[in-house]
Amino acid sequence: AVTGAWSTMCGYARNEAVGNNARITQGDRTDPQCIRALGDAVRDGRPCKVQLLNYRKGGECFWNVLSVSPIEYGGRAVLYKGILKDYSSMLSPLVKMQPHQYF
């Protein structure tokens, strides 16, 4: 489901997002290994948590953590819930630091 919080975070209106894959927020610098880990977890019916660099509708990138967990019925995953948290305000300053600024 597309929530108001997701729309605010990603910049897509509900009618733009419904019917689209979550890949609409991926871009050149989104880590394909993280995407693969998510796909493997869904395929295997297990939870997964990844840190991603995604993109807002206007092209601005943002750091987020996505947690997905299966919802089971009759012993098998029938749905997945996802929780997406924007960590840009915490991670962006660290990513921009030069090595001499680490210590």
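The shown structure was predicted, so the numbers you read here are calculated from the model rather than taken from an experiment.

About the thresholds
- Residues numbered from 1 in each chain as written.
- Predicted model: local features only at pLDDT ≥ 70, side-chain atom pairs only at ≥ 80, totals over all residues.
- Heavy atoms only, no water.
- Core = buried A, V, L, I, M, F, W, Y, C linked by side-chain atoms within 4.5 Å.
- Buried < 20%, exposed > 50% of the residue type's maximum accessible area, 1.4 Å probe, protein only.
- Helix = DSSP H or I, 4+ residues; strand = E, 2+ residues; numbered from the N terminus.
- Contact = heavy atoms within 4.5 Å.
- Salt bridge = Lys/Arg side-chain N within 4 Å of Asp/Glu carboxyl O.

Asker: Residues and numbers for the nonpolar core, please.
Answerer: In terms of nonpolar packing, the biggest core is built from eight residues, these being Cys34, Leu38, Ala41, Cys48, Val50, Leu52, Leu66 and Val68. Of all elements in the fold, only α3 (32-44), β1 (48-55) and β2 (61-73) reach the threshold of two or more residues within this core. The residues touching Cys48, leaving out its near neighbours within four places in the chain, are Ala37, Leu38, Ala41, Leu66, Ser67 and Val68. Met9, Cys10, Tyr12 and Ala17 belong to the second largest nonpolar core, which has six residues in total.

Asker: Quick one: what's the story with the pattern of salt bridges, residue by residue and with numbers?
Answerer: This structure, assessed with the given rule, holds six salt bridges. Residue Arg43 is joined to Asp40 by a salt bridge in which the shortest nitrogen-to-oxygen separation is 3.1 Å. Taken as a pair, Arg43 and Asp40 lie in helix α3 at a separation of three residues, close to a single helical turn. Among the residues examined, Arg43 registers a relative accessible area of 60% and is labelled exposed. The closest approach of N and O atoms between Arg46 and Asp44, which form a salt bridge, is 3.6 Å. With relative accessibility at 36%, the residue Arg46 sits in the partly exposed group. Connected via shared salt-bridge partners are Asp40, Arg43, Asp44 and Arg46.

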